[in-house]
Amino acid sequence: MAPGFKIKCAVMCFMLSNAAHAAQPTTAAEGPQKSAGDNQSRPNPTVSNNALNNFINADAPFSYDFSLGDHPSNIQFYGIIDIARTSINHSLPENYELPNNFYPYSGAKRTARTTSRTEWVNGGLQASRLGIKGEVGKLQLWQRDFKLMYQFEAGFNPLDMKLHDAAQTLADNSGTNANSSVSADSSLNGEFFARQAWVGIDGGSLGRVSYGTQYNPFFEITNPYDPNSKADTFSPLGESGTIGGGGGISENSRMKNSLKYGNTYNVEGVGKINYAGMYQFGNTAGTSEGYGYTGQLGFENSLFGVQFAFNRFDNAVKAGSAAAGNPAANDTISAALYNTEATLLALKWTPNKEIKFTGGWEWYRLKPSSDRTIKYNTLFDQTVFGGVATSALQPGFKQDNNVYYIGASYDFSQRIPALAGLTASVGYYDTRFDAIDGPTISTNSEGKIDTWTMIADYRFNKRLDTYVAYTNNHFSGDKYPRASTYHDVNSVGAGMRFKF
């Protein structure tokens, strides 16, 4: 069954089931009213009005409580649909299977197909998704109460109802089809629950242990600490899993086959200390590629926040398009291997209710992989050209990279009640790629990206908001020669986001 058809069926069933639930009266007083002259029922406007108000104002409108034996339980259906009209000055044709249909932060090559474009895109602020999560409570062990928790989440494009599948975009641009559309590697590669798929046990003050496909701590930190809230089409931290979650490799933004422990400790009158650790069991083709561990430590209160995290991965796989110009490589992908190390330090300061300052520094190092080659006939359901993944760097070489960012957001409602719901944010991002260093120095790998992003967002209610956004990316250095790449790529867009 095609992924697009499965998504369409899931969405249709979900909407029909909840429409039927909303139409049922919750109390006798809200039910259909009888007329004085006959036994026919007439619709009561109160029913639909109450249902609409409950939907708009509820924190979780499709959350249902029930009992599973003696265990209080909950299940919640949720989702985001985000569509924007976006113009970009230099780009290949958009690709709707990529989470970022346009990708200004990746730059633009000078090709016959690269031109200015205006199109509808998915995920101006957040990539669209559907999910289910819940818990089963009062599971007693060692005279303590535990909760079973779970979450499963699929990313899709509402413009064509297909799952996000970055690996397919790479295959579409391999061989003689090179540079035919926007493409990139990602941690979203066609699996139904690629965004999240985990189960865990919450022990309260003992912390939580979970297993499955889970966010790397880098991904979780950069969301609240990005000045522009990790906007998927306009913020570098949202566009790029490489710097926005993977610590150097986009595929590591979500750690598959991973075990995680996390906890938060309240210091009365001071704030909260949080910490977490994860390990990914790797080198299992089709399940997780590469193995590694991460850690996180942070502190937050109403005024100040700081988060620190580190990553280390061995034999991490980075997918790419294969053998440009070679017809034998059509509809295949390439696979490169790296060992990586990364650290992230993020800060925020909220001096009052209306303004928040955030910023951070991320460093990551790419090194030769532990194994020179690993056999992969397929990767993310795509054929690997040549059937093998090879170390991207020779022994003795390494590349250091740094990302600095700073910015602020402002809530107008605190000072101007008439503008309640309006927020604005601005951020500057400085990405620096050092030269590959070793027995020799490769200067053509050295480059810099300066990014400015501005977003204005107006929230009508808890469910719906609209926004305008602008980003400018300036590329410089030997990594981006003027003869073959554009040095300024900017994008402007307006969209709407619907949450449920």
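Structure first, text after, so check above.
Residues numbered from 1 in each chain as written. Predicted model: local features only at pLDDT ≥ 70, side-chain atom pairs only at ≥ 80, totals over all residues. Heavy atoms only, no water.

## Focus: the overall build of the chain
To be explicit about the condition: The way it works is that DSSP assigns letters per residue, a run of H or I at least four long becomes a helix, a run of E at least two long becomes a strand, and they are numbered from the N terminus. Note on classification: 1.4 Å probe, protein chains only; a residue is buried when its accessible area is under 20% of the maximum for its type, exposed when over 50%, partly exposed between these limits. In this description, contact between two residues means that some pair of their heavy atoms is separated by no more than 4.5 Å. The accessible surface values rely on the Shrake-Rupley method and a 1.4 Å probe; as for residues, cover is taken only from the protein chains in view.
Scanning the chain for helices and strands turns up six helices and 25 strands. Of all 500 residues assigned to the chain, the portion counted as buried reaches 48%. For the chain, the share of sequence-separated contacts (at least 6 apart) that also reach a separation of at least 24 residues comes to 66%. Summed over its atoms, the accessible surface of the chain is roughly 23,000 Å², and 57% of this surface lies on carbon and sulfur atoms.

## So, unusual backbone geometry
Phi at alanine 323 takes a positive value of approximately 40 degrees, unusual for a residue other than glycine. Position of alanine 323 among the secondary structure elements: in the loop between β14 (304-321) and β15 (333-349). In this structure, aspartate 381 takes a positive phi of about 65 degrees despite not being glycine. Mapped onto the elements of the fold, aspartate 381 is located in the loop between β18 (378-379) and β19 (382-383). Take aspartate 381: its relative accessible area is 78%, and that puts it in the exposed class.

## Looking at the packing of aromatic side chains
To keep it simple, the criterion reads: For Phe, Tyr and Trp, rings pair up if their centres lie within 6.5 Å, where Trp contributes its six-membered ring, and each pair is then called stacked (planes under 30 degrees apart), edge-to-face (over 60) or tilted (otherwise). Criterion for a charge above a ring: Arg CZ or Lys NZ at most 6 Å from the ring centre, at most 35 degrees from the ring normal.
Here the structure, examined in full by the defined rule, presents 18 aromatic pairs. Where phenylalanine 62 meets phenylalanine 500, the ring centres are 6.1 Å apart and the plane angle is 65 degrees; that geometry is what we call edge-to-face. Taken together, the residues span a long stretch of sequence, with phenylalanine 62 in the loop between α2 (45-57) and β3 (63-68) and phenylalanine 500 in the segment after β25 (488-499) at a distance of 438 residues. On the basis of relative accessibility, which here comes to 14%, the residue phenylalanine 62 falls in the buried class. Taking relative accessible area as the criterion, phenylalanine 500 reaches 12% and is therefore assigned buried. Taken together, a centroid distance of 6.2 Å and an interplanar angle of 25 degrees make the contact between tyrosine 405 and tyrosine 429 stacked. Of this pair, tyrosine 405 sits in strand β21 (residues 399-411) while tyrosine 429 sits in strand β22 (residues 422-433), and the two are 24 residues apart along the sequence. Judged by relative accessible area, tyrosine 405 falls into the buried class, the value being 4%. The buried category is assigned to tyrosine 429, whose relative accessible area is 0%. Pairwise contacts between aromatic rings join Phe55, Phe62, Phe498 and Phe500 into one cluster. One cation-aromatic arrangement involves lysine 479 over phenylalanine 433; the distance from NZ or CZ to the ring centre is 5.0 Å.

## Focus: the side chain of glutamine 151
Where we set the bar: Identification of polar contacts relies on pairs of N or O atoms within 3.5 Å, with a donor-acceptor requirement for protein atoms, meaning one able to donate a hydrogen and the other able to accept it, and with residues adjacent in sequence counted only if both atoms are side-chain atoms.
Mapped onto the secondary structure, glutamine 151 falls in strand β7 (residues 144-157). Residue glutamine 151 is classed as buried on the basis of its relative accessible area of 11%. Side chain to side chain, glutamine 151 and tyrosine 78 meet in a polar contact 2.8 Å long.

## Things to note about a negative patch on the surface
In plain terms, the rule: Within this analysis, patches are made of residues with over 30% relative accessible area and no salt bridge. Like charges are joined at 9 Å or less; nonpolar side chains (Val, Leu, Ile, Met, Phe, Trp, Tyr) at 5 Å or less. Any Lys or Arg side-chain nitrogen found within 4 Å of a carboxyl oxygen on Asp or Glu counts as a salt bridge. In this tally, Asp and Glu contribute negative charge and Lys and Arg positive charge; neither His nor the terminal groups of the chain are included. The atoms used to mark charge sites are NZ of Lys, CZ of Arg, CG of Asp and CD of Glu.
Negative charge collects at one region of the surface, where Asp434, Asp437, Glu446 and Asp478 lie side by side. Considering the arrangement of structural elements, one finds glutamate 446 in the loop between β22 and β23 (447-459).

## Topic: the pattern of salt bridges
Taken as a whole, this structure holds 17 salt bridges when the rule is applied. For lysine 147, the salt bridge is made with glutamate 135, and the minimal N-O distance between the two is 3.6 Å. Of the two residues, lysine 147 is situated in strand β7 and glutamate 135 in strand β6 (residues 129-141); the sequence distance between them amounts to 12 residues. In this structure, a network of salt bridges that share partners links the residues Arg312, Asp314, Glu341 and Lys367.

## Some words on the pairing of strand β10 (residues 208-215)
Sheet faces and side chains relate simply in a regular strand, where the side chains alternate between the two faces. Selection rule: In this analysis, strands are considered paired if DSSP registers two or more bridges between them.
By the bridge criterion, six bridges tie strand β9 (residues 196-202) to β10 in an arrangement that is antiparallel. Paired with valine 199 across the two strands is tyrosine 211, which belongs to β10. One ladder, built from seven bridges, connects β10 with strand β11 (residues 254-267); its direction is antiparallel. Of the residues in β11, the one forming a bridge with arginine 208 is glycine 262.

## Digging into the environment of asparagine 377
Among the secondary structure elements, asparagine 377 is positioned in the loop between β17 (373-375) and β18. Owing to a relative accessible area of 47%, asparagine 377 belongs among the partly exposed residues under this scheme. Taking the C-alpha atoms as reference, asparagine 377 lies 4.4 Å from glycine 387; in sequence the two are 10 residues apart. What asparagine 377 contacts, discounting residues up to four positions off in sequence, is Gln382, Thr383, Val384 and Gly387.

## Brief notes about the environment of glycine 269
Within the secondary structure, glycine 269 is located in the loop between β11 and β12 (271-280). The sequence separation of glycine 269 and asparagine 301 amounts to 32 residues, and the corresponding C-alpha distance is 9.2 Å.

## Here we look at the side chain of asparagine 122
Among the structural elements, asparagine 122 can be located in strand β5 (residues 115-122). There is a polar contact of 3.1 Å between the side chain of asparagine 122 and the side chain of histidine 164.

## Notes on the environment of serine 253
By secondary structure assignment, the location of serine 253 is in the loop between α6 (241-244) and β11. In the structure, serine 253 is positioned 35 residues away from phenylalanine 218 in sequence and 7.4 Å away in space, judged by C-alpha atoms. If sequence neighbours within four positions are ignored, serine 253 has contacts with Ser187, Gln214, Tyr215, Asn216, Phe219, Gly241, Gly245 and Gly246. A polar atom in the side chain of serine 253 sits 3.3 Å from the backbone nitrogen of glycine 246.

## Describing the pairing of β7
Where β6 lies against β7, 11 bridges are found, and the strand directions are antiparallel. Within the sheet, the bridge partner assigned to leucine 130 lies in β7 and is alanine 154. As consecutive antiparallel partners, β6 and β7 are separated by two residues, and within that stretch tryptophan 142 has a phi angle of approximately 55 degrees, a positive value. With seven bridges connecting them, β7 and β9 associate as antiparallel partners. Bridge assignment links tyrosine 150 to a residue of β9, and that residue is valine 199. Taken together, the two bridges between β7 and strand β8 (residues 162-163) define a ladder with antiparallel strand orientation.

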